[in-house]
Amino acid sequence: MNTYEKWIADSINQIANKEVYFNTDMIMKDSEEISTNIVAELIGWACKPQNESSIIIARDCLKQFPIEWVSLRIKQVAIKSIDITDDWEYRRLLELCELISTDLLKWAITLGEKSNNPDIVEAVDDYNELLQARN
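Residues numbered from 1 in each chain as written. Predicted model: local features only at pLDDT ≥ 70, side-chain atom pairs only at ≥ 80, totals over all residues. Heavy atoms only, no water.

Caption draft 1: Structural context of the environment of I79. Mapped onto the fold, I79 is located in helix α5 (residues 67-81). Here I79 falls in the partly exposed class, since its relative accessible area comes to 49%. For I79, the residues in contact, after removing those within four places along its chain, are I84 and L111. (Helix = DSSP H or I, 4+ residues; strand = E, 2+ residues; numbered from the N terminus. Buried < 20%, exposed > 50% of the residue type's maximum accessible area, 1.4 Å probe, protein only. Contact = heavy atoms within 4.5 Å.)

Shown next as C-alpha cells:
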C-alpha cells in the first residue's frame, strides 16, 4: 500500500471506527450516516487533490460499489464534499461520474449549467459533447 492509499484507507477507517477500507460490503452494511460520510470522504479524495494517485485510488474505491447505491449517495453529498464552483474540483467530479454511469454524469453536468465561470462552462460543454457523441 503506497502512502496515498494509506492516507485514504486511514481516513475511511477513522470514519467507520474500524477497518473497512476496500470492503464495500462492510461499508454498505454500516449505518446510513457512516456509509454516506465514507462516500463523501472518497469524493473529496477523488476531486480535490492535485495528485493523480489519490484521485485514482478514490475513484477505484467508489467504482467498487453498486451503481445505484453509490450514485444516490454521490448525489446526496457531492455539493457538500467539494466546491463545485471550483473548476478543478467540478471537472474531477464529472470525470468520476463518467466512470460510474451516464445518468450520474448527466446529473453532474446539470450542477454546472448555470455557472458564470468560463472554465466550468467549458467543462459542461465538453461533457455534453461527449454524451452527444455517444448517441
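From this point, things continue past the structure.
Caption draft 2: Spotlight on the nonpolar core. With 43 residues, the main nonpolar core has L42, I43, L62, I74 and L93 as its most contacted residues. Contributing elements (two or more residues each) for this core: α1 (3-16), α3 (32-47), α4 (52-63), α5, α6 (87-100), α7 (102-112) and α8 (118-134). Broken down by element, this core gets its largest block of residues, 8 residues, from α3. The residues touching L42, leaving out its near neighbours within four places in the chain, are I8, I12, A58, C61, L62 and F65. (Core = buried A, V, L, I, M, F, W, Y, C linked by side-chain atoms within 4.5 Å.)

Caption draft 3: Representation of a negative patch on the surface within the structure. A cluster of acidic residues, D87, D119, E122, D125 and E129, forms a negative patch on the protein surface. Among the elements that make up the negative patch, the one with the highest residue count is α8 (4 residues). Residue placement: E122 occurs in helix α8. (Patch = residues over 30% accessible without salt bridge, like charges linked within 9 Å, V, L, I, M, F, W, Y side chains within 5 Å. Areas by Shrake-Rupley, 256 points an atom, 1.4 Å probe, with all protein chains shown as cover. Salt bridge = Lys/Arg side-chain N within 4 Å of Asp/Glu carboxyl O. Lys, Arg positive; Asp, Glu negative; His and termini not counted. Charge placed at Lys NZ, Arg CZ, Asp CG, Glu CD.)

Caption draft 4: Geometry of α7. Restricting attention to buried positions, one finds in α7 the residues L104, L105, W107, A108, I109 and G112. Turning to α7, the residues buried within the fold contact α5, α6 and α8.

Caption draft 5: Local environment of the pattern of salt bridges. Within the structure shown, the criterion is met by 8 salt bridges. We note a salt bridge from E95 to R92, for which the minimum N-O separation is 2.8 Å. Of this pair, E95 and R92 are both found in helix α6, 3 residues apart, which corresponds to roughly one turn of the helix. Each member of the pair, E95 as well as R92, is classed as buried. Among the ionic pairs, R134 bridges to E98, the shortest N-O distance being 2.7 Å. With R134 in helix α8 and E98 in helix α6, this residue pair connects regions lying 36 residues apart in the sequence. Each of R59, R92 and E95 takes part in salt bridges that share partners, so that together they form one network.

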